[in-house]
Structure formats: C-alpha cells, structure tokens
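# Secondary and tertiary structure notes
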There are 2 protein chains.
Amino acid sequence: MTANPDRTDFREAMAHLPAAVNILTTDGPGGRCGITVSAVCSVTDDPPTVLVCVNRSSASHDIFSGNRRVCVNVLGGRHEELAMHFAGATKVPMVERFAWDIWDPQEPVPVLRDALVNIVGTIRDRKSMGSHSVMFVEVESVRVRTGDSSLVYFNRRFHRLESQ
Amino acid sequence: MTANPDRTDFREAMAHLPAAVNILTTDGPGGRCGITVSAVCSVTDDPPTVLVCVNRSSASHDIFSGNRRVCVNVLGGRHEELAMHFAGATKVPMVERFAWDIWDPQEPVPVLRDALVNIVGTIRDRKSMGSHSVMFVEVESVRVRTGDSSLVYFNRRFHRLESQ
C-alpha cells in the first residue's frame, strides 16, 4: 500500500474506478450550460435522490447551483464524441453544442434525446468538500432507453458496455 | 419522460447507471464486517476523499460509522462470486468470509489482496439522506493493480471490463 498518497497516486487510484459518463446540463436565470461528469451516484429512493460532484473552480459550478434545475444525461456507448465536447476537449463553444438537434425542445432543461438515461431534478442540498461541491438532486422525472449500451470511463479510456 | 417516478421507475433508471462493484470493509471496536456497495465516487484530491453511500437500515451501517476506519476494495473482473458473498446472496457467514486466505494480514482493516484498487481511509463526515448515509472517507493509503480488468454492474448484471 502507498501511504499518504500524493495527488498523482490518488488520481491513479481513481482512474481505476470504472464510472458512468454523464453530461450534466441546466438552463435558467444563470444561463444554459453542460459539462461531462463521472461522479454521479444513486443515494436514496425516498425521496428519489442522486448526487453529482462538481469542481467549484469550474465556471459552470455557479450556474448549476444558481439555476438548481438540472438534468443528468447518462451517456450511451455511441456518445464518446459528445462526452469530449462537454469535457471542453474540442473547444466547440457552449452555444453551438446546444444548437445541435440532439436535445428535446419541450423540456425546461437540456435533455439529450437519445441518452441511455435522463434524470431531471432540482438541487435540494449541497456540501462543499475540498475542491468540489457534492450536489444532491431530488429527481422529478426519468426516462430510460432499455437495451442501449452504456459508456464507461476506466483507465483513462472510454469503453462501450453492452446491456446484455 | 416519466414524471414523479415511483420507486420502481427510479430503480429502473438507477439500474442503467453503470457502476464499479466494491466491497466496503472495516474492523475495530464495533467488530469486523464487509458489504458489497456500488455507490462509491471520488470527491476531491485535497484532501484525497471518496464518498460511499450505505443503507442506514443495514446492520453493518453502525459498525462502519462506529469504527470509522474502512477499506474500499474495488473489485476486479474475477470477483463476481465474492461480490455475491458480500451482498449476502449466498448466506455464507461473515466470520467465514474473513477466514478465507484472500486478505492482507498486516493491515488494520480487511484489505482484499488482489483487488483492482484498495483505498484505506477514515470516515471524517457523514450526511443522512433518506434511507442512506453518505460517508466521506479521507484516504490514507491506496494500492492499484494496473492492467487488471474491472467488475461493473449494469442492467442488473455483472460485466467484466478489460483495462485496454
């Protein structure tokens, strides 16, 4: 075991924790934005709640916490390129990403039409922890595309996982 | 979208969020125990912290929160059967599971010798949320078996994900 891991040791360990890839989106008085996040997990089903960890130094952080209404779009196997756009790796401006015909126009926050799962809810609580905020999202609506593959990030690479 | 999802709708959505499979273990004044958990994620690297969600109605919950020293053993592709044992699906008594020669004898908490990742730390904070506690674990030591496959739970099945 490596005691008192430095940032590199810790990040290496975290890179080996496989995780879903999600685009967290919002719209509202603070504006519209979206970021790729992997730290999402289920907390409780009463009331249905998920948590999302967001870096507080990101410009989007205050937009999410100000608007409060968000969507967790859990990505399918085909969404690797989209994950890169929303991770900021491709320099495509935010406004252009939301102009693509991939969003459900009738929803109050950007809902990715062919995501594996969409989870729309409201941030009810928030806890600061070091560099990040843990946002607790009470879930108001969900949609699942049963049978679709999922996108998983593991060992600093995207993997496609079939549902069967 | 399904508005106001009931427990079944919410669980169906969560079943489609792929996640690492981990055995959370502890030892100390409250006793020794371990449970299979999927809700683990990285929070911040300063100080290095992960979170784990544990059902408060589980008998193990108070043992973890009392002992505070824990290990998150992130499972490799070969550990499906072990995940079932620690999920309580096989009725093998806890004492028998810890008698198997799969644990590092020199560690203060049960560290699975050939886990993909071992994360030893102390619960520094805890937040109750519905049925569950979110436990914030400050990381004291880590170990990674680079190149190993990982075990992922998705669509109510185990999947083996190769590292390349």
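Let me begin by describing the structure that accompanies this report. (Residues numbered from 1 in each chain as written. Chains lettered and ligands numbered in written order. Predicted model: local features only at pLDDT ≥ 70, side-chain atom pairs only at ≥ 80, totals over all residues. Heavy atoms only, no water.)

For chain A, the count of helices and strands is four helices and 11 strands. In terms of overall dimensions, chain A is globule-like: its C-alpha atoms have a radius of gyration of 16 Å, near the 15 Å expected for 164 residues. In terms of overall dimensions, chain A has C-alpha extents of about 50 × 40 × 35 Å along its principal axes. Considering only contacts within chain A whose residues lie at least 6 apart along the sequence, 65% involve residues at least 24 apart. When the accessible surface of chain A is totalled, it reaches about 6,800 Å², and 46% of it is carbon and sulfur. Positive and negative charge centroids in chain A, built from 18 and 19 side chains respectively, lie 4 Å apart. (Helix = DSSP H or I, 4+ residues; strand = E, 2+ residues; numbered from the N terminus. Rg over C-alpha atoms; globule rule 2.2 N^0.38 Å. Contact = heavy atoms within 4.5 Å. Areas by Shrake-Rupley, 256 points an atom, 1.4 Å probe, with all protein chains shown as cover. Lys, Arg positive; Asp, Glu negative; His and termini not counted. Charge placed at Lys NZ, Arg CZ, Asp CG, Glu CD.)

With that settled, the discussion passes to the relation of the copies chain B and chain A. Of the two same-sequence chains, chain B is brought onto chain A (RMSD 0.0 Å, axial shift 0.0 Å) by a rotation of 180 degrees. Accordingly, the operation relating the two chain copies is best matched by a two-fold axis. No C-alpha of chain B approaches the rotation axis more nearly than that of B:Ala19, which lies at 2.7 Å. (Least-squares fit on C-alpha atoms with pLDDT ≥ 70 in both.)

Inspection of every chain in the model, using the stated rule, returns eight aromatic pairs over all chains. Relative to B:Phe98, the ring of B:Phe86 has its centre 5.6 Å away and its plane inclined at 65 degrees; by these criteria the two rings are edge-to-face. With B:Phe86 in helix H3 (residues 80–86) and B:Phe98 in helix H4 (residues 94–99), this residue pair connects regions lying 12 residues apart in the sequence. Given a relative accessible area of 10%, B:Phe98 falls into the buried group. Joined through ring pairs, the aromatic side chains of A:Phe86, A:Phe98 and A:Trp103 make up one cluster. We note A:Arg97 situated over the ring of A:Phe86; from NZ or CZ to the ring centre the distance is 5.0 Å. (Phe/Tyr/Trp six-rings, centres within 6.5 Å; stacked < 30°, edge-to-face > 60°. Buried < 20%, exposed > 50% of the residue type's maximum accessible area, 1.4 Å probe, protein only. Lys NZ or Arg CZ within 6 Å of the ring centre and 35° of its normal.)

Because an α-helix packs 3.6 residues into every turn, residues spaced three or four apart end up facing the same way. All names here are of chain A. Along helix H2 (residues 59–67), the residues classified as buried are Ser 60, His 61, Phe 64, Ser 65 and Asn 67. Considering only its buried residues, H2 is in contact with strand S3 (22–26), strand S4 (33–37), strand S6 (48–55), strand S7 (69–74), strand S8 (117–129) and strand S9 (132–144). Capping the start of H2 is the job of one residue whose side-chain oxygen sits 3.1 Å from the backbone nitrogen of Ser 60: Ser 58. Count one or two residues on from H2 and you reach Arg 68, which has phi positive near 75 degrees. (Polar contact = N/O pair within 3.5 Å; in protein donor to acceptor, adjacent residues only side chain to side chain.)

Relative to the helices and strands, A:Thr146 is located in the loop between S9 and strand S10 (150–154). Classification of A:Thr146 by relative accessible area gives exposed; the value is 57%. Beyond its immediate sequence surroundings of up to four residues, A:Thr146 is in contact with B:Glu12 and B:His16.

With that settled, the discussion passes to the side chain of A:Asn118. Secondary-structure assignment places A:Asn118 in strand S8. Dropping the residues within four chain positions of it, A:Asn118 is found in contact with A:Cys71, A:Val72, A:Asn73, A:Val111, A:Leu112, A:Ser141, A:Val142, A:Arg143 and B:Met1.

Looking now at the pairing of strand S6 (residues 48–55) of chain B. Residues and elements named next belong to chain B. Burial runs high along S6: seven of the eight residues are buried. Sheet topology note: the strand S5 (residues 40–45)/S6 ladder contains five bridges and is antiparallel. Considered in S6, the bridge of Ser 42 is made with Val 50. Linkage of S5 to S6, two consecutive antiparallel strands, is achieved through a turn of two residues. (Pairing = 2+ DSSP bridges.)

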